[in-house]
Structures are given as structure tokens and as C-alpha cells.
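So the chains spell out like this:
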Amino acid sequence: MSPELTARPEHKFSFGLWTVGNRGRDPFGEAVRPKIEVADMLRGLADLGVYGVSFHDDDLMTFGAPESQRRAELDAFKKTLDETGLVCSMATTNLFYHPVFKDGAFTSNDPQVRRYAIQKSMRNIDVAAELGAPIYVFWGGREGVESAAAKDTRDALARYAEALDFLAGYVKDKGYDIRFALEPKPNEPRGDIFLPTVGHALGFISTLEHQEMVGLNPEVAHETMSGLSFYQGVAQTLWQGKLFHIDLNDQRIGRFDQDFRFGSEGIKDHFFLVRLLENSGYAGVKHFDAHAYRTEDVEGVWDFARGCIRNYLALAEKAREFDSDPRVAAAMSYTGVPQLAEPSVGPYSTEAAAGLMDEQFDVDSLASRGFGIEKLDQLVVDHILGIA
Ligand code: GLT
Ligand code: MN
Ligand code: MN
């Protein structure tokens, strides 16, 4: 195997400003790394062959600063995007950091906070449109509760939907070419967060007024925190045509949100994930929402960023090798993988139902079959370990 393990823009990798910009603060300790200037982050990312960057309003333009200063910060960002050739691939609102959002943003019990959160989002949607960002993410980190006595969840979900309907109306009214992507997370920073998993979010989207313009931004770490299979969540999201964006990182089950370097923990899961993304025709960006270990200095930050890319490209190469191995095709055929793509009964008709009723099944013979999955899965492991 001789994969080229460095990125080119056509791979469509992206990073958030807050990822390489993470200074290692955690609830128990202060920053351990110096601030990297936005322009230096963009240059560093462009040098790695990255395609895009994403930002929160407050990453880019100083919160509460006069409009003239915010405009200057935005113009400087646009200039560096032009110089580096990077694309602004996603934007989002910081609705979690300022104390005003301690009880939530779109779902705060205080209607004035809710109106402010929607206004803050509208302002940054204008910026996203100016920068040409096609995706606007909503991560509702503060949308939740510690005590279920504090909110009627049904009201909270109604307010959440109301805010998204309003903002979708704003995008349409302005004629912006922007789609929304909701990012589920089960907990942290709230005790319980609304829309905790991919499944909850997919169900919620079907209640929205402009549901065609709302999809998901699932994150490896968040689904894994719940002990759920990220692969299965992404596969269903793709099947429902709702994979608008994806947050790639790594995580151990049952821990806090670790946001580790992509591919540093669950290698087998990530093999299947990368294979799915590569084979599905997913055309969006592959967005790394992760950060370097707190032990690292600035050099370690760039090692971290290179590692995310390297692991993705290596797994993509492994997936291609796996899919072109004739032993894999034979094992899959034995297992019946291609047969699952064939309809079982076809669409309902009275005749089809009568035909099925008349059919005789040799249940014992059907039950005696082995599916050969041990052999197939060992080929997966052999390919990942490089011993196939
Ligand atoms: C925050 C969170 C991420 C979200 C970002 C978008 S902010 O860092 O942990 O998972 O994707 O708001
Ligand atoms: Mn994320
Ligand atoms: Mn996370």
C-alpha cells in the first residue's frame, strides 16, 4: 500500500477555527497554548492542503465590539481566505459561551433571551451568506436542562422548532443559498441536551416547516458518548438524504466529549465510516471538529491536524483495497450482502399478497444456513492490520 497521505483541496477536508485554535482550556485548568492568529491558522491549514474552514460568529468578530471593528475583522478574514484559496465551508452561531445563554438560547425560559438568540443567528447568517458558506450548523449545547422540573420539554421543542422555522424563513426571504445542519449531542454542557442523538434530530426535522432545507451534522464523539454506533447513525442519515455536513473526531464510549484526533481510537469503526462516506457519493466537506491533547504546544496542534487527515486518507485507501479484494467479494456474496439490495415482496397488490400466502417455506432448511460472517469480518481485520 502506498497511499498519498497528504490532503489536496479536492479531498474537501475542513477544520473549525476553534479546533486548531483550541488552547487546551478545560473545566479544571486554564489555557496551555498561546493564541494562534486567525490568519496564521488559515495559512497553516492551506499548507496542509485543507479545502475549507468554519467559524462561530465570536471566533471571527469580537463579541460586543463596535460594528467598525467587527467589519475590519471580517474583511481581514476575507482577505486571508482569498490569499490562501481556502473556502468558508460552514458557519455557526455561538449560543453557548456568554452567561446570557446559561438557561438555553432558542429554548431559554426567558423570551427576551430567545429573541436575542434568534437575532444573533440572523446577524451571523448574513455573514455566512457574504462569505458564501453553504451550510449553517446549529449545535444546541445549552438547549437542555439539569432538572426536568425547569422546562416542559414539549414547549422547549416547540420553541426550538419555532426558531428554526423563523431562521429558515429568513434565509428564504433573503434568497441565500444556505442549508441548515442540526448537530445532536446527549449531554455536556447541560445535564440533558434536547435532540440528544441522530435519531431524535431526524424525527424532529420532520416537524419543521422548511424541512427540505434542514439536515444533520452528526459528530463521532457525540453519538459515541451515548454508546450508539456512529456508523449506523450516519448510514441512516444518508439513507434519508439528510447528511449535510459531518463532524469527524474520535471518542471513547462513556467519557466526556473528548474530541480526539480522527482515527486515534476506534479504528475499525472508522474504517467502516470512511468506507461509507467514500462509497456513498457524499459530496459535502469532511470537517474535523477535534483538538490536540492538552499536553501539546503549537507544533503538536499541527501534528494533530496532519494526523486527522493522514488517518482519513489511510482508511480510505484501506477501504479501496478491501473493496477490490476478490476474496471480499466472494465472502460478501456468500453472506448475502448483494441480496439484501433485492426487494423482498415488491409493492403491495392483492395478487402479490395471495401469491405470498400460497408460498411454501422450508423453515428448517432456511435455519440451517450459516452466513460466513466470521470469515468476512476477519478479512476486514486483516485489511486494517495490513496482513490480508
Ligand atoms: C463546540 C462543540 C462542537 C460544535 C461546535 C459548533 S462548538 O466546540 O463541542 O461539537 O460542533 O457550534
Ligand atoms: Mn461538533
Ligand atoms: Mn464534540
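Residues numbered from 1 in each chain as written. Chains lettered and ligands numbered in written order. Predicted model: local features only at pLDDT ≥ 70, side-chain atom pairs only at ≥ 80, totals over all residues. Heavy atoms only, no water.

## Description of the site of ligand 1
- All residues in the neighbourhood of ligand 1 are listed as Trp-18, His-56, Thr-92, Phe-96, Trp-139, Glu-183, Glu-219, His-222, Asp-247, Asp-257 and Asp-289.
- At 3.4 Å, a side-chain N or O of His-222 approaches an oxygen atom of ligand 1.
- Interatomic distance of 3.1 Å between a side-chain N/O atom of Asp-247 and an oxygen atom of ligand 1.
- Protein coverage of the free-state accessible area of ligand 1, which is 310 Å², stands at 90%. (Near = heavy atom within 4 Å. Polar contact = N/O pair within 3.5 Å; in protein donor to acceptor, adjacent residues only side chain to side chain. Areas by Shrake-Rupley, 256 points an atom, 1.4 Å probe, with all protein chains shown as cover.)

## So, the packing of helix α12 (residues 326-335) against helix α15 (residues 373-385)
- Closest axis-to-axis distance for the α12/α15 pair is 9 Å, and the angle between their directions is 150 degrees. As summarised for this structure, α12 and α15 are arranged roughly antiparallel, according to the angle between their axes. Crossing angle aside, the handedness with which α12 passes α15 is left-handed. Listed contacts from α15 to Arg-327, Val-328, Ala-331, Met-332 and Thr-335 of α12 are Ile-373, Leu-376, Leu-379 and His-383.
- Its residues assigned to classes, the contact of α12 with α15 shows 6 nonpolar, 2 polar and 1 charged. (Axes fitted to C-alpha atoms, helices over the stretch in contact; angles between N-to-C directions. Helix = DSSP H or I, 4+ residues; strand = E, 2+ residues; numbered from the N terminus. Parallel < 35°, antiparallel > 145°, perpendicular 65-115°, else oblique. Left-handed = near helix turned anticlockwise from the far one by under 90°. Contact = heavy atoms within 4.5 Å. Nonpolar A, V, L, I, M, F, W, Y, C, P; charged D, E, K, R; others polar.)

## Observations regarding the coordination of the manganese ion (ligand 2)
- Looking at the metal site, the manganese ion (ligand 2) is ligated by Glu-183 (OE), Glu-219 (OE), Asp-247 (OD) and Asp-289 (OD), spaced 2.0 to 2.2 Å from it.
- What the 6 donor atoms of the manganese ion (ligand 2) show is an angle range of 75 to 165 degrees at the metal, which sorts the shape as octahedral.
- Along the chain, the residues donating to the manganese ion (ligand 2) are arranged with the sequence spacing E-x35-E-x27-D-x41-D.
- Between the manganese ion (ligand 2) and the manganese ion (ligand 3), a spacing of 4.6 Å is present, and a bridge between the two is formed by Glu-219. Of this pair, Glu-219 sits in the loop between β8 (214-216) and α8 (220-225) while Asp-247 sits in strand β9 (residues 247-248); the two residues are 28 residues apart in sequence, bridging distant segments of the chain. Asp-247 matches Glu-219 in its accessibility class, with the two residues each being buried. (Donors = N, O, S within 2.8 Å, 3.2 Å for Na, K, Ca; no water. Tetrahedral: all angles 85-135°; square planar, octahedral: opposite > 155°, others 65-115°. Buried < 20%, exposed > 50% of the residue type's maximum accessible area, 1.4 Å probe, protein only.)

## Points about the coordination of the manganese ion (ligand 3)
- With distances of 2.0 to 2.5 Å, the protein atoms coordinating the manganese ion (ligand 3) are Glu-219 (OE), His-222 (NE2), Asp-257 (OD), Asp-257 (OD) and Asp-259 (OD).
- All donor residues of the manganese ion (ligand 3) come from one chain, and their arrangement in sequence is E-x2-H-x34-D-x1-D.
- Judged by its relative accessible area of 2%, His-222 falls in the buried class.

## Let's talk about helix α10 (residues 267-280)
- Over its 14 residues, α10 runs 20 Å from end to end, which matches the ideal 20 Å to within 8%, given 1.5 Å per residue.
- Every buried residue belonging to α10 is among His-270, Phe-271, Leu-273, Val-274, Arg-275, Leu-276 and Leu-277, and all of these are buried.
- In this fold, the buried residues of α10 make contact with α8, α9 (230-239), β9, α11 (298-323), α12 and α15.
- Looking one or two places after α10, you find Gly-281, whose phi comes out positive at around 80 degrees. (Expected span 1.5 Å × (residues − 1).)

## As for the packing of aromatic side chains
- According to the stated counting rule, one finds 19 aromatic pairs in the structure shown.
- Between Phe-15 and Phe-288, the aromatic rings sit 5.1 Å apart at their centres with planes inclined by 45 degrees, giving tilted as the arrangement. In this pair, Phe-15 sits in strand β1 (residues 13-16) while Phe-288 sits in strand β10 (residues 286-288), placing the two residues 273 residues apart along the sequence.
- With a centroid separation of 5.0 Å and an interplanar angle of 75 degrees, the aromatic rings of Phe-96 and Trp-139 are classed as edge-to-face. Placement of Phe-96 in the loop between β3 (87-92) and α5 (111-131) and of Trp-139 in strand β4 (residues 135-139) is noted, with a sequence separation of 43 residues between them. (Phe/Tyr/Trp six-rings, centres within 6.5 Å; stacked < 30°, edge-to-face > 60°.)

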